[in-house]
Amino acid sequence: LFHAILNLRQVLLSSAHWLLLLDKGQYHKDQSKSFLQMDDVISAQDALPQKTTLTLSDEPRSLILFNPTEQHRTTVINLVVNSPDAHIADAETGRPIAAQISAVWVEPSKVSAEAFQLSFAAELPPLSLIVYHVIKASAGSTPRARYTIHRHGNPPKVHSEHFQMSQLDGTEANTPLSLSNKHLQMWNSPETGLLQKLRLQSGLVRQVQVQFLWYGTRTSGDKSGAYLFLPGVEGSQAYSSSEPPLVRVTRGPIFSDITSCFPHFTHTVRLYHLDGHAGKSLEISNTVDIRSETNRELVMRIISDVTSGNRFYTDLNGFQMQQRRTLEKLPLQANFYPMTSSSFLQDSTSRLSLLSAQSQAVASLRSGLHPSRTQTVSAPPLSQAAEEQKLLNSSCTLTCSKHFTHE
């Protein structure tokens, strides 16, 4: 499978090269070296992809983006460059593109001095290949992200010659962390950095909380693995660590986010400063590493004030939505359903939608902190007990919206 993925990447590169050539007769396939390169490298089947660092100079480097969908897309592109000053422009028109330079973190509290993340919003027509040019810019010309670093009770010391770093002092350290764009405002816990509530563009404040849990597995017989979810009789247990997580707050013109660095995972909630769907939703991403654990699974739980009862919805292979019901007579694992790409809860006025970048399992098991009105959505497993699944990236998009029903 790993070699099949690598071969498929070569097919994509060769196809893009051929499609971009005006004179197709100039195309010559070279198996030993591709004319184009991917922006990330997968070194092994059990390793996460690593971004390739793009070396910038006064000569433009070409960046090719492919939109495989039949819809026009506005999406934020992130690439790693070797300079904190970069200029990006549309290759066809020469139009400059607004960008943001952010830090590349090699450790939770250590910033890379050789690599920087360049982010910009790209407009991609349906089924298109778009070329951008990236060059090195004059010092200080590219807007840079600003950072606030916090750890409850034990403030860390972080230094960077390229980015502004600050810490929370006094009463600020106990005040909920807040970020906003023109569509949304979110408040996160100052202790953990996890989401607590959202204010929508209408002014309505909704309770949307994120928690993490552990599931164990059976003590005898079949156990959980890459293809099985067989939790132990003790059920879920709240995730806890020996010390509070390091929390990083990023503020920039393209995106702002809050990142929580726990021992077993890094959790990020991001707001994009864009119009359209991207700016009206939250992007949640988790990088999970539970290689030190045995027979344990990590679960992300989203608790909202949507009064959906025991009903929720998941997609059927991305084609349509199917209503699901939680039944107490069934064992725990029987109430989890596949979520290929999306799931949502709804009541007569509101809908909470979850769009996943990876196929996972989802359930609406019980009322949460407020039994009369709070529903709990659990999306396990972020990682399964099988060794090859213990290190991975997981990301999703969370949207709260008004929902109107017709009699």
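These figures come from a predicted structure and were not determined experimentally.

## Some words on the nonpolar core
Part 1: In this structure, Met186, Leu195, Phe212, Leu282 and Leu398 are the most contacted members of the largest nonpolar core, which totals 40 residues.
Part 2: The element contributing the most residues to this core is strand S15 (residues 205–217), with four residues.
Part 3: Once you skip the residues sitting within four places of it in the chain, Leu282 turns out to touch Leu184, Met186, Leu195, Leu198, Val269, Arg270, Leu271, Cys396, Thr397 and Leu398.
Part 4: Within the second largest apolar cluster, 30 residues are counted, among which are Leu65, Ala103, Phe116 and Val158.

## Re the pairing of strand S20 (residues 282–289)
Part 1: A one-sided burial pattern is seen for S20, the buried positions being Leu282, Ile284, Asn286 and Val288 and the unburied ones Glu283, Ser285, Thr287 and Asp289.
Part 2: Across six bridges, strand S19 (residues 265–272) lies against S20 in antiparallel orientation. Bridge assignment links Thr266 to a residue of S20, and that residue is Thr287.

## Observations regarding the environment of Leu129
Part 1: As for its position among the elements, Leu129 is in strand S9 (residues 128–136).
Part 2: Sequence spacing of Leu129 and Leu19 is 110 residues, and the spatial spacing of their C-alpha atoms is 8.4 Å.
Part 3: When neighbours within four sequence positions are excluded, Leu129 is seen to be in contact with Ala16, Leu19, Leu20, Ile64, Leu65 and Phe66.

## Regarding the UniProt feature "domain: Glycosyl hydrolase family 38 C-terminal" (unreviewed entry) in the chain
Part 1: Under the UniProt annotation, the feature "domain: Glycosyl hydrolase family 38 C-terminal" (unreviewed entry) is placed at residues 179–364.
Part 2: The span residues 179–364 is 0% helix and 54% strand, and its two end C-alpha atoms sit 28 Å from each other.

## Things to note about the side chain of Thr142
Part 1: If you trace the backbone, Thr142 turns up in the loop between S9 and strand S10 (146–150).
Part 2: We classify Thr142 as buried; its relative accessible area is 6%.
Part 3: At a separation of 2.6 Å, a polar atom in the side chain of Thr142 contacts the main-chain carbonyl oxygen of Ala86.
Part 4: Contact partners of Thr142, with chain neighbours within four places excluded, come to Pro84, Asp85, Ala86, Ala99, Ile101 and Ala137.

## Thoughts on unusual backbone geometry
Part 1: Its identity as a non-glycine residue notwithstanding, Asn295 has a phi of 55°, on the positive side.
Part 2: Tracing the chain through its elements places Asn295 in the loop between S20 and strand S21 (297–304).
Part 3: Here Asn317, not a glycine, exhibits a phi torsion of approximately 55°, which is positive.
Part 4: Position of Asn317 among the secondary structure elements: in the loop between strand S22 (311–316) and strand S23 (320–325).

## Let's talk about the packing of aromatic side chains
Part 1: Applying the stated criterion to the full structure yields 14 aromatic pairs.
Part 2: Plain terms: the ring middles of Tyr215 and Phe229 are 5.4 Å apart, the flat faces sit at 80° to each other, and that makes the pair edge-to-face. Taken together, the residues span a long stretch of sequence, with Tyr215 in strand S15 and Phe229 in the loop between S15 and strand S16 (231–238) at a distance of 14 residues. With respect to burial, Tyr215 and Phe229 carry one shared label: buried.
Part 3: Within the aromatic cluster, the residues linked to one another by ring pairs are Phe212, Trp214, Tyr239, Phe262 and Phe265.

## A closer look at the sheet that holds strand S7 (residues 99–107)
Part 1: Strand order across the open sheet formed by four strands is S3-S5-S8-S7, with mixed pairing between neighbours. The open sheet has two free edges, formed respectively by strand S3 (53–54) and S7, since each of these has just one partner strand.
Part 2: Pairing geometry for S3 and strand S5 (residues 73–81), over two bridges, is parallel. Bridging from a neighbouring strand, Leu54 pairs with Val81 of S5.

## Structural notes on the environment of Ser119
Part 1: With respect to the helices and strands, Ser119 occurs in strand S8 (residues 110–124).
Part 2: Distance from Ser119 to Leu79, taken between C-alpha atoms, is 6.6 Å for residues 40 residues apart in sequence.
Part 3: Contact partners of Ser119, with chain neighbours within four places excluded, come to Val76, Ile77, Asn78, Ala98, Ala99, Gln100, Ile254 and Phe255.
Part 4: Reaching out from Ser119, the side chain makes a polar contact with the side chain of Gln117 at a distance of 3.3 Å.

## Observations regarding the sheet that holds S9
Part 1: Strand order in this open sheet of three strands is S4-S9-S6, and the pairing throughout is antiparallel. In this open sheet, the two strands that pair with only one neighbour each are strand S4 (61–67) and strand S6 (86–90). Looking at each pair of strands side by side, their axes are set apart by 30° on average, direction ignored.
Part 2: Relative to S9, S6 runs antiparallel, the two being bridged by five bridges. Looking across to S9, one finds that Asp90 is bridged to Tyr132.

## Points about the confidence of the model for the chain
Part 1: Across the chain, the average pLDDT comes to 87, with 91% of residues at or above 70.
Part 2: Of all helices and strands in the chain, the one with the weakest mean pLDDT is strand S28 (residues 375–383) (46), whereas strand S18 (residues 255–261) scores best (98).
Part 3: Confidence drops under pLDDT 50 across residues 367–376; counting only partners more than four residues distant or on other chains, this segment forms 34 contacts.

## Re a nonpolar patch on the surface
Part 1: A surface patch of nonpolar side chains, about 270 Å² in accessible area, is lined by Leu8, Val11 and Leu12.
Part 2: Residue position: Leu12 is located in helix H1 (residues 2–20).

## Some words on H1
Part 1: Across its 19 residues, H1 extends 28 Å between first and last C-alpha, which sits within 8% of the 27 Å expected from 1.5 Å per residue.
Part 2: Turning to H1, its buried residues number three or more, namely Phe2, Arg9, Leu13, Ala16 and His17. One side of H1 holds all its buried residues, which, seen down the axis, span an arc of 100°. Exposed side chains of H1 directed beyond 90 degrees from the buried face belong to His3, Asn7 and Leu8.
Part 3: Along its buried surface, H1 packs onto strand S1 (40–41) and S9.

Thresholds, definitions, all that
- Residues numbered from 1 in each chain as written.
- Predicted model: local features only at pLDDT ≥ 70, side-chain atom pairs only at ≥ 80, totals over all residues.
- Heavy atoms only, no water.
- Core = buried A, V, L, I, M, F, W, Y, C linked by side-chain atoms within 4.5 Å.
- Buried < 20%, exposed > 50% of the residue type's maximum accessible area, 1.4 Å probe, protein only.
- Helix = DSSP H or I, 4+ residues; strand = E, 2+ residues; numbered from the N terminus.
- Contact = heavy atoms within 4.5 Å.
- Pairing = 2+ DSSP bridges.
- UniProt positions renumbered as here; feature names shortened; annotations may be inferred.
- Polar contact = N/O pair within 3.5 Å; in protein donor to acceptor, adjacent residues only side chain to side chain.
- Phe/Tyr/Trp six-rings, centres within 6.5 Å; stacked < 30°, edge-to-face > 60°.
- Axes fitted to C-alpha atoms, helices over the stretch in contact; angles between N-to-C directions.
- pLDDT = per-residue confidence, 0-100.
- Patch = residues over 30% accessible without salt bridge, like charges linked within 9 Å, V, L, I, M, F, W, Y side chains within 5 Å.
- Areas by Shrake-Rupley, 256 points an atom, 1.4 Å probe, with all protein chains shown as cover.
- Salt bridge = Lys/Arg side-chain N within 4 Å of Asp/Glu carboxyl O.
- Expected span 1.5 Å × (residues − 1).
- Arc of directions from axis to C-beta.

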